[in-house]
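Each chain, written out:
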Amino acid sequence: MKCKSLMVLLFVFITVININSQSLYFCEEVDEDGYAVNSSSTFTIPEDGGSLNILCRVGYDVDVYSVEFRIYEVYSDGSESYDNTIYMDVEPDWIWFYKEIIFYRAGKFNVYVYTEDDDFLTSGTVKIKVR
């Protein structure tokens, strides 16, 4: 019985580690090892738009050939409105990937990352300010 309890505890621990290993970063650049450079949750862009990178680190093989960045604008009351979806080709053995995305207006945005199979990977929030 003690061994069974230990196995269950170990399974839960490993599951929690895997869930928490999925991260989304907003940054100016991504280095060659897949780490965010100048990561932030707030960016200021020019009036005519500006780009930033969205880095997704999943910590395991993504096991698909395509992912989606689903972007929603967040209003002051916390409600969301769909903005757009950006598609990206990936390789099944990638454990991280990033996409440069252009924003054209100020606001708060939630970004949700899904696989081509509609499996949720991770999400994050970024605030965009205009100069």
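In this report, the structure presented in the accompanying data block is examined.

What counts and how
- Residues numbered from 1 in each chain as written.
- Predicted model: local features only at pLDDT ≥ 70, side-chain atom pairs only at ≥ 80, totals over all residues.
- Heavy atoms only, no water.
- Pairing = 2+ DSSP bridges.
- Helix = DSSP H or I, 4+ residues; strand = E, 2+ residues; numbered from the N terminus.
- Axes fitted to C-alpha atoms, helices over the stretch in contact; angles between N-to-C directions.
- Core = buried A, V, L, I, M, F, W, Y, C linked by side-chain atoms within 4.5 Å.
- Buried < 20%, exposed > 50% of the residue type's maximum accessible area, 1.4 Å probe, protein only.
- Contact = heavy atoms within 4.5 Å.
- Phe/Tyr/Trp six-rings, centres within 6.5 Å; stacked < 30°, edge-to-face > 60°.
- Lys NZ or Arg CZ within 6 Å of the ring centre and 35° of its normal.

Here's the deal with the sheet that holds strand β8 (residues 96-103)
Item 1. Within the open sheet, the three strands sit side by side as β1-β5-β8. Their pairing is antiparallel. Either end of the sheet is taken by a strand with one partner, and the two such strands are β1 (23-27) and β8. With direction set aside, neighbouring strand axes in the sheet form an average angle of 25 degrees.
Item 2. By the bridge criterion, eight bridges tie strand β5 (residues 50-57) to β8 in an arrangement that is antiparallel.

Description of the nonpolar core
Generally speaking, soluble globular proteins have nonpolar side chains that are buried together.
Item 1. Membership of the largest hydrophobic core comes to 25 residues, with the highest contact counts inside it found for F26, I54, V67, F69, F97, F103 and I128.
Item 2. Mapped onto this core, the elements with two or more residues apiece are β1, β4 (42-45), β5, β6 (66-74), β7 (80-89), β8, β9 (107-115) and β10 (120-130).
Item 3. Once residues within four sequence positions are removed from consideration, I54 is found in contact with L24, Y25, F26, F69, F97, Y98, K99, I101 and V111.

With respect to the packing of aromatic side chains
Item 1. Tallying each qualifying case throughout the model produces six aromatic pairs.
Item 2. On the basis of an interplanar angle of 75 degrees and a centroid distance of 5.5 Å, the ring pair of Y72 and Y82 is categorised as edge-to-face. With a gap of ten residues between them, Y72 in strand β6 and Y82 in strand β7 connect regions that are remote in the sequence.
Item 3. Here Y82 falls in the partly exposed class, since its relative accessible area comes to 48%.
Item 4. Both rings, one in W96 and one in Y98, keep their centres 6.4 Å apart while their planes meet at 10 degrees; by these two values the pair is stacked.
Item 5. Between R57 and the ring centre of Y35, over which it is positioned, the NZ or CZ distance is 4.2 Å.
Item 6. Across the ring face of Y114, the terminal group of R70 is positioned such that the distance to the ring centre comes to 3.9 Å.

These figures come from the coordinates and say nothing about function on their own.
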